[in-house]
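Chain and residue survey
Chain residues, written in single-letter form:
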Amino acid sequence: MNYYRKLLLFVVMFFVSFASIATIVPNQASAEGDPLGINAEAAILLDAKTGKILYQKNPDAVLGVASMSKMMTEYLVLEAIHNKKITWDQKVMINEYVHNLSAAPGLSNVGLTQGEEYTVKELYEAMAIFSGNAATVALAETVAGTEKNFVALMNKKAGELGLKDFNFVNSSGLNNESLLGNIPAGGPTDENVMSARATAKLAYRLINDYPEVIQTAKTPKLNFEKDGKEYPNFNWMLPGLIFEYNGVDGLKTGSTDFAGYCFTATAERNDQRFISVVMKASSKDTRFTETRKILDYAFNNFGEEKVLPKHYQVKGQKTLPVIKGKGDSVKIHTKNAINIVMKNGDKDNYKAVLVLDKKKLTKNGELTAPVKKGDKVGYVTLESKNGEDLGFITGDASKGIKVDVIAAENVEKANGFVLMMRGIGGFFGDVWGSVSSTVKGWF
């Protein structure tokens, strides 16, 4: 009897141990897949200057984007300002629909009175700081005539910017069922969707194409003069707010039942700016705590390094042969240094690769004189030795780490007499070589 009890106990302990291992292994795999353990469906981190991707989790999952959609509306409004299609002080008359939407319960809005005029700047600030949905629709109508036309512009611009995995059905990021029956595109319950990669690329282009966007995005509170009220920025990581983080000055939050809680952040310290995106976090606070993790990781582990100095010469490729010149070769070097943001200690993990401009070379790989000092002959880019580089948000792996290679000196064209004598010398050299070969063949 004792034997069977021991056997039963052994079997039970075996299955308990097996179940524990089965439970632990997936968690370990998950941790390995996401070194930061970010509590959100998707996330990404960029260097804001070059677009170099420094971290990602499910970057291509297509998810609800909610009010982060307003970054595209901001882009189109700022573009219209720059193109002088609209002006900041232009008056916008509020229609019945926009008025009713601004009063809809449960939505983020500043009150907009039907028949009253507001400037483009007032509406833009209401959208960018307090995520005003009705103000966003009013701006969309101002830029494109109707929100339907504006949504078509949003999708077109997304394509022009090189975004993938996106679909815009309205200008605000609300669920279409919240639009009081005025659906510009899609079905009655559709929402705007994007991937973390597309969202980050939009933020990257917005900041770099229209850097003035930061001046509004970093405002902690909106003082709306028309109603005399003060509205807080939903970006609680700004100075003086509950999740204040050193350097954060943008960019846009978003939340719906479908999208969960989202946040595109940007922060700058000591001339180093990063962009992070967190999508489908479980709570309002979580999107900020997880963003803090990502930004801590960025500022604590990455910095700009000079990988190659100015006038760098690639080993074994320091010169190019030249024909028809007074000299038979020319020295080449990089025009400028290459500085990139990388993980601390990774400097030695990159190698220089020379890419020559074949259009400027003969079929034998030679330049033709004259060659002027400063003439571009190609470029040098960097490649990761360990293959762990995540690339660039632009999709062009060399764009952020490419520098021109130029001629370091002049090589003048030889005069006609010299070229003729070289030709004669070459001819007799070939003849002598042929004779020598023949004579050697006799013995």
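Structural notes, computed from the coordinates. (Residues numbered from 1 in each chain as written. Predicted model: local features only at pLDDT ≥ 70, side-chain atom pairs only at ≥ 80, totals over all residues. Heavy atoms only, no water.)

1. Details of the pattern of salt bridges
- Overall, the coordinates contain 12 salt bridges when judged by the stated rule.
- The partner of E79 in a salt bridge is K157, and the shortest N-O contact between them spans 2.7 Å. You can see E79 sitting in helix α2 (residues 70–82) and its partner K157 sitting in helix α6 (residues 147–160), a full 78 residues away along the chain.
- With relative accessibility at 18%, the residue E79 sits in the buried group.
- Owing to a relative accessible area of 11%, K157 belongs among the buried residues under this scheme.
- Here K157 ties to E160 by a salt bridge, and the two come within 2.8 Å at their closest N and O atoms. Here K157 and its partner E160 are both found in helix α6, 3 residues apart, which amounts to about one turn of the helix.
- Several salt bridges share partner residues, and in doing so they unite E79, K157 and E160 into one network. (Salt bridge = Lys/Arg side-chain N within 4 Å of Asp/Glu carboxyl O. Helix = DSSP H or I, 4+ residues; strand = E, 2+ residues; numbered from the N terminus. Buried < 20%, exposed > 50% of the residue type's maximum accessible area, 1.4 Å probe, protein only.)

2. Side note on the nonpolar core
- Counting residues in hydrophobic clusters, the biggest one holds 74 residues, and the most contacted among them are M72, L112 and L251.
- Excluding anything up to four places from it in sequence, L112 contacts I94, V98, H99, S102, Y118, L123, A134, A135 and F224.
- Core analysis: the second largest hydrophobic core is formed by 26 residues, Y55, M237, V278 and F288 among them. (Core = buried A, V, L, I, M, F, W, Y, C linked by side-chain atoms within 4.5 Å. Contact = heavy atoms within 4.5 Å.)

3. Notes on unusual backbone geometry
- Here the amide bond leading from G250 into L251 is cis, since omega sits at 20°, within 30 degrees of zero.
- Examined against the element boundaries, L251 turns out to sit in strand β10 (residues 248–256).
- Of note, the bond from A369 into P370 is cis; its omega dihedral lies within 30 degrees of zero at 5°.
- Mapped onto the elements, P370 comes out in the loop between β18 (367–368) and β19 (376–384).

4. Digging into the side chain of H333
- Structurally, H333 is set in strand β15 (residues 329–334).
- H333 gets classed as buried once you look at its relative accessible area, which sits at 12%.

5. Re the packing of aromatic side chains
- Using the criterion set out here, one finds 12 aromatic pairs in the structure.
- Judged by centre distance (5.3 Å) and plane angle (80°), the ring pair of Y297 and F302 falls under edge-to-face.
- Under the relative-accessibility criterion, Y297 is labelled buried at 15%.
- Aromatic ring contacts, followed pair by pair, group W236, F243, F263 and F288 into a single cluster.
- The positively charged end of R269 is found above the aromatic ring belonging to F299, 4.2 Å away from the centroid.
- Here the basic side chain of K402 rests over the ring of Y379, its NZ or CZ set 4.7 Å away from the ring centre. (Phe/Tyr/Trp six-rings, centres within 6.5 Å; stacked < 30°, edge-to-face > 60°. Lys NZ or Arg CZ within 6 Å of the ring centre and 35° of its normal.)

6. Comments concerning helix α7 (residues 196–209)
- The first and last C-alpha atoms of α7 sit 20 Å apart over 14 residues, in line with the 20 Å expected at 1.5 Å per residue.
- When α7 is considered as a whole, its buried residues turn out to be A196, A198, T199, A200, K201, L202, A203, Y204, L206 and I207. (Expected span 1.5 Å × (residues − 1).)

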